[in-house]
Amino acid sequence: SEVLRLEALSKSYNIGLPNEAEVLHEIDLVIGRSDFAALVGPSGSGKSTLLNLIGLLDTPSSGELTLLGQATSGMADAGRTTLRGSSIGFVFQFHHLIQAFSALDNVLMPLMLTRGKPDQAAIERARELLAAVGLDTFADTRPNRLSGGQQQRVAIARALITEPALLLADEPTGNLDTRTADEVFELFRRFNRERGCAVLLVTHDPRLSSTCDRTINLVDGRIVSDAMNA
Ligand code: ADP
Ligand code: ADP
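The model shown is predicted, which means the values in this text are computed figures rather than measured ones.

### Some points on the pairing of strand E4 (residues 62-67)
Within a regular strand, side chains alternate between the sheet's two faces.
Working step 1: The pairing of strand E1 (residues 2-13) with E4 spans 5 bridges and is antiparallel. What sits directly across from Ser 10, in E4, is Ser 62.
Working step 2: When E4 meets strand E5 (residues 70-71), the two strands line up antiparallel, connected through 2 bridges. Along E5, the bridge assignment pairs Leu 67 with Gln 70.
Working step 3: Linking E4 back to E5 in an antiparallel pair, the connection comprises 2 residues, with Leu 68 at a positive phi of about 50 degrees.

Spelled out as structure tokens, the structure:
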């Protein structure tokens, strides 16, 4: 069963040149419901562009993207926003936590955006997620009092509060030392296993990508290899 299907997905950035710069060329890709996949490739190969398309943050120039059985071409912005909010979790290299909010309120943020004031059940779930990332005693702490690894763990809890079917991460450990990166990576692995969310993450670190179940290699806007790891 699949969470995501890309069919001949292409993307050009309109930068005002006579020939638009096409950075993704007719990408075909299927992500299964329990996949744990790394997206790798040289700088400039289109990884962030692809992740932004998959996360419905940007629209393709052509092709079809089907998320949880819903074809998204021609979908109105409101529909895309709803689908994104209900099915996708994001973790970025720079976590973009809100410094004026406690860790708990940062985790609740995606719910506040879509559903308004969180109820007691949501607050309980946020506390559980903070506990799951080892931060139960830091619920009331502001991000700037936390280490980089702790902040990234808050960002992971935040990405999971909506119980997304697909977790997207762009260089989630790019900013962390090796040991902290390993710990953060292990969290992705655990949530994939225990909560059954598919994970697609961009990483430059071959050590981490080799521990994923699957490696998708993008070069010059084309998938040049896509294989299960041994
Ligand atoms: P973006 O995704 O924002 O287009 P990249 O993913 O290409 O940017 O690169 C993000 C940062 O990682 C850049 O500062 C880049 O210099 C750095 N970077 C690129 N390749 C590597 C690598 N192999 N190892 C470590 N850092 C890298
Ligand atoms: P990666 O994440 O693999 O480093 P990107 O998706 O960031 O690759 O970039 C792929 C190509 O698209 C690069 O040539 C980059 O310069 C170009 N690009 C990325 N974002 C934009 C943009 N907003 N406008 C124009 N060109 C862009």
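This is not the end of the story, as more comes after the structure.
### Brief notes about the sheet that holds strand E7 (residues 166-170)
Working step 1: Ordered in space as E6-E7-E8-E3-E9-E10, the 6 strands form an open sheet in which the pairing is mixed. What marks the edges here is a single partner per strand, and that holds for strand E6 (88-91) and strand E10 (222-228). For this sheet, the mean inter-axis angle between neighbouring strands, taken without regard to orientation, is 15 degrees.
Working step 2: Note: E6 against E7, 4 bridges, orientation parallel. Residue pairing across strands places Phe 90 opposite Leu 168, the latter belonging to E7.

### Digging into a negative patch on the surface
Working step 1: Together, Glu 7, Glu 22, Glu 26 and Asp 28 give the surface a local cluster of negative charge.
Working step 2: Top contributing element to the negative patch by residue count: strand E2 (residues 21-32), with 3 residues.
Working step 3: Residue classification places Glu 7 among the partly exposed positions, given a relative accessible area of 35%.

### Comments concerning unusual backbone geometry
With glycine set apart, most residues show a phi of negative sign, and most peptide bonds adopt trans.
Working step 1: You will see that Glu 26, though not glycine, has its phi angle at about 45 degrees, which is positive.
Working step 2: Within the secondary structure layout, Glu 26 lies in strand E2.
Working step 3: Take Glu 26: its relative accessible area is 58%, and that puts it in the exposed class.
Working step 4: For Leu 68, which is not glycine, the phi dihedral falls at a positive 50 degrees.
Working step 5: Along the chain, Leu 68 turns up in the loop between E4 and E5.

The rules behind these values
- Residues numbered from 1 in each chain as written.
- Chains lettered and ligands numbered in written order.
- Predicted model: local features only at pLDDT ≥ 70, side-chain atom pairs only at ≥ 80, totals over all residues.
- Heavy atoms only, no water.
- Pairing = 2+ DSSP bridges.
- Helix = DSSP H or I, 4+ residues; strand = E, 2+ residues; numbered from the N terminus.
- Axes fitted to C-alpha atoms, helices over the stretch in contact; angles between N-to-C directions.
- Patch = residues over 30% accessible without salt bridge, like charges linked within 9 Å, V, L, I, M, F, W, Y side chains within 5 Å.
- Areas by Shrake-Rupley, 256 points an atom, 1.4 Å probe, with all protein chains shown as cover.
- Salt bridge = Lys/Arg side-chain N within 4 Å of Asp/Glu carboxyl O.
- Lys, Arg positive; Asp, Glu negative; His and termini not counted.
- Charge placed at Lys NZ, Arg CZ, Asp CG, Glu CD.
- Buried < 20%, exposed > 50% of the residue type's maximum accessible area, 1.4 Å probe, protein only.

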